[in-house]
Structures are given as C-alpha cells and as structure tokens.
Amino acid sequence: MPEVRVESTPSDTDGMMRWLYQNSGEILYVIGPDLRFKLISPSWSRATGWTEDDIVGQPAQEIIHPDDHAGVSDHIRRLHEHGVAHNTSRVRVKNGGWRWFSGMAHLGPQGDVIGLVRDVTDDMAREAELEEIRRTQRQLSETAGIGTWTYDPLTDQIDWSDDIANITGHRR
C-alpha cells in the first residue's frame, strides 16, 4: 500500500482553518443573498470539475437539476425560517453529467447561504437498486402466489404480502 503523505497542519487557528478549507474532502460553499456563488472550496472542483472561475458569480440554480428546483426552493424557505436546513439534490458537473450532493446549510448574518455537502451519488444508486430489487421481489411473489414479509429494523416496520396477511390474519 503506497504511503500517503499529508501536509502538516499549522499550529495557529487561522492557519488550521485555511488548511482545513483547502484539504477537506467535504465540499464547502457560500452563496450570496442574490443566490449566486460567492465562494467554493477546492473539493468542489475535484468533485464537479467546475473551477472557481467557472462558478463564482453564477446563479446556483443554473447547475441544479430541473427536477430538483422545487426542492431547492423549499430548502431556501426552510433556511430563512430556521437558519439551518438539510438538502439533497443533483448538480450538473462540468462533463455534462449529474451528481447527487447532500448536506447542511446555514443562513449567515448577512443572508449568505453557507453550506457543507458531500457527493452521495453512489449511495443514491445503491438505494435505487435496492428499491428495484424489493419491487421485483414483491411482483414475483405475487405472481407466484408465494407469501412474503420484510422487516425494517431502522423503522421497526413489518411489511406483509397479502398472502401472508391472509394466512396469519395480520392486516397491513
């Protein structure tokens, strides 16, 4: 395994903050009250291909997937109501594709949106694949007349097929 060399961190607080900003894997950004980018961290460029010159001054909405515009508008509304909000949306990357990003934003004292996001594209793909597997499993069991049930430990929910519900007397 190759050795990873990390530049030593400075001992002063301002230096540490600059180092963190430059080296963080998380994406940091600032969008002004006019909803135009004011600042992006280097990790933004690594994740999207867009440079600071490409993005700063541009309306944030221009790189948000059209299907996510309503969700982003709701995100901005929640920011103004609560001062902090979570959002997940697709962002157009420089090569023309789309990547999913998720994270938190805070409303700054001057109306700036100060955010921290991470690329969750792979997570979203896994979740979509898992949902498709579940849907296919339900269809196959219904077609074959085989009863099934699933348990979600995160929500403590049991989902019974109609066949199992009829056999056991449990209702959904």
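The structure this text deals with has already been given above.
Given the structure is predicted, the values throughout are model-derived calculations rather than measurements. (Residues numbered from 1 in each chain as written. Predicted model: local features only at pLDDT ≥ 70, side-chain atom pairs only at ≥ 80, totals over all residues. Heavy atoms only, no water.)

Caption draft 1: Examining the sheet that holds strand S5 (residues 113-119) more closely. With antiparallel pairing, the 5 strands of this open sheet are ordered in space as S2-S1-S5-S4-S3. Looking at strand neighbours, the two that pair on one side only are strand S2 (37-40) and strand S3 (84-92), the edges of this open sheet. For this sheet, the mean angle separating the axes of adjacent strands, direction not counted, is 30 degrees. Relative to S2, strand S1 (residues 27-31) is paired through 3 bridges, and the arrangement is antiparallel. By the bridge assignment, Val-30 is partnered in S2 with Leu-39. (Pairing = 2+ DSSP bridges. Helix = DSSP H or I, 4+ residues; strand = E, 2+ residues; numbered from the N terminus. Axes fitted to C-alpha atoms, helices over the stretch in contact; angles between N-to-C directions.)

Caption draft 2: Summary view of the packing of aromatic side chains. Summed over all chains, the structure comprises 2 aromatic pairs. For the ring pair Phe-37 and Trp-44, a centre distance of 5.4 Å and an interplane angle of 55 degrees mean the geometry is tilted. Given a relative accessible area of 5%, Phe-37 falls into the buried group. Residue classification places Trp-44 among the buried positions, given a relative accessible area of 4%. Between the aromatic rings of Trp-44 and Phe-101, the centroid separation amounts to 6.4 Å while the plane-to-plane angle is 25 degrees, which identifies the pairing as stacked. Taken as a pair, Trp-44 in helix H2 (residues 42-48) and Phe-101 in strand S4 (residues 98-107) lie far apart in primary sequence, 57 residues in all. Linked through ring pairs, Phe-37, Trp-44 and Phe-101 together constitute an aromatic cluster. (Phe/Tyr/Trp six-rings, centres within 6.5 Å; stacked < 30°, edge-to-face > 60°. Buried < 20%, exposed > 50% of the residue type's maximum accessible area, 1.4 Å probe, protein only.)

Caption draft 3: Up close: the side chain of His-65. Within the secondary structure layout, His-65 lies in the loop between helix H3 (52-55) and helix H4 (69-82). Since its relative accessible area comes to 13%, His-65 is described here as buried. Here the side chain of His-65 touches Asp-67 through a polar contact of 3.0 Å, landing on its backbone nitrogen. If near-sequence neighbours (up to four positions away) are discounted, His-65 is found in contact with Arg-90 and Trp-98. (Polar contact = N/O pair within 3.5 Å; in protein donor to acceptor, adjacent residues only side chain to side chain. Contact = heavy atoms within 4.5 Å.)

Caption draft 4: Just the nonpolar core, in detail. Residues Tyr-29, Phe-37, Trp-44, Ile-55 and Val-113 are the most contacted members of the largest nonpolar core, which totals 20 residues. Elements represented by at least two residues in this core include exactly S1, S2, H4, S3, S4 and S5. (Core = buried A, V, L, I, M, F, W, Y, C linked by side-chain atoms within 4.5 Å.)

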